[in-house]
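# Architecture and fold: a report
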Amino acid sequence: MSVYGDGSGRAGADGDGTRRTGADGDGIRQAGAYGPTELLVIAKEPVAGRVKTRLCPPFSPAEAAELAAAALADTLEAVLGLPARRRVLVLDGRPGPWVPPGFEVVPQSAGGLDERLAAAFGGCTGPALLVGMDTPQITAALLAPALAPGAWDGVGAWFGPAEDGGFWALGLADPDPELLHEVPMSVPETGAVQRRRLVRAGLVVRDLPVLVDVDTAADAHRVASAAPGGRFASVFGRLTGAGVR
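Residues numbered from 1 in each chain as written. Predicted model: local features only at pLDDT ≥ 70, side-chain atom pairs only at ≥ 80, totals over all residues. Heavy atoms only, no water.

### Quick look at the environment of E115
- Turning to its location among the elements, E115 is positioned in helix α3 (residues 113-122).
- Along the primary structure E115 and P177 are separated by 62 residues, whereas in three dimensions their C-alpha atoms are 8.2 Å apart. (Helix = DSSP H or I, 4+ residues; strand = E, 2+ residues; numbered from the N terminus.)

Structure, rendered in structure tokens:
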């Protein structure tokens, strides 16, 4: 799994390091339609040497960070166009001017990835859908089933499997952190273990399409080809000197 994340506590409380964009969250109302679901993006600040290190080589750390920034920008733009009750960027690092209006920003908690993801859901009060920054090819159409009216009728979880065995999206009708604690992360069986945990908890699980995470240069080429009109594809094409088809 390639998502990073989570927040400690409910976003938006004064003095807790949370950033709101827009007075009293007005940016959220302006960004897109309301819906019943909280949308979370788990990400790292795109700093050279800290993100997308598996792209090096053939890319340099600075180029890998540029690709990460483009992937994150595409992801945030996609989320802004989706119906949501609340949009949150759960960030490892410092927010900058690259964070668009319409997002609350909360810091990641300490601990392993399972703990950080669990804490991200722990900051939610209703149905929540979490995505990472490694699938810039996401679109409204891909996420539509989990965000449509009635998406949670009789459904306890939405699960987006990744081709590498992880998962790129996870939605929970009741965002219980215990559903993620001690799930082994970043191993080939991560997705299978996580989905099995949901089923064993008695949840009805619905699946989203299988996507490719951007981990390697080969992954980057496939993702850029899948979304040739995005920032990620543009940066990838410029860095490689090749057009994307």
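Now that the structure is up, let's keep going.
### Structural notes on the pattern of salt bridges
- With the rule as written, the count across this model stands at 12 salt bridges.
- Residue K52 is joined to D215 by a salt bridge in which the shortest nitrogen-to-oxygen separation is 4.0 Å. Taken as a pair, K52 in the loop between β2 (38-44) and α2 (61-80) and D215 in the loop between β8 (205-207) and α6 (217-226) lie far apart in primary sequence, 163 residues in all. Considered together, K52 and D215 belong to a single accessibility category, that of buried residues.
- Between D74 and R231 there is a salt bridge whose closest N-O contact spans 3.6 Å. (Salt bridge = Lys/Arg side-chain N within 4 Å of Asp/Glu carboxyl O. Buried < 20%, exposed > 50% of the residue type's maximum accessible area, 1.4 Å probe, protein only.)

### Overview of the packing of aromatic side chains
- Summed over all chains, the structure comprises 2 aromatic pairs.
- With 5.5 Å between their ring centres and 40 degrees between their planes, F159 and F167 make a pair best called tilted. Each member of the pair, F159 as well as F167, carries the same accessibility label: buried. (Phe/Tyr/Trp six-rings, centres within 6.5 Å; stacked < 30°, edge-to-face > 60°.)

### Quick notes on the nonpolar core
- Grouped together as the largest cluster of nonpolar side chains are 34 residues, with contacts concentrated most on V41, L89, F103, V131, L143 and W168.
- The element best represented in this core is α2, accounting for 7 residues.
- Apart from the residues lying within four places of it in its own chain, the contact partners of V41 are L72, T75, L76, V79, V88, L89, V90, F103, V131 and G132.
- Of all hydrophobic cores here, the second largest spans 25 residues; its members include C124, A128, L130 and V193. (Core = buried A, V, L, I, M, F, W, Y, C linked by side-chain atoms within 4.5 Å. Contact = heavy atoms within 4.5 Å.)

Function-wise, these values are silent; they only describe arrangement.
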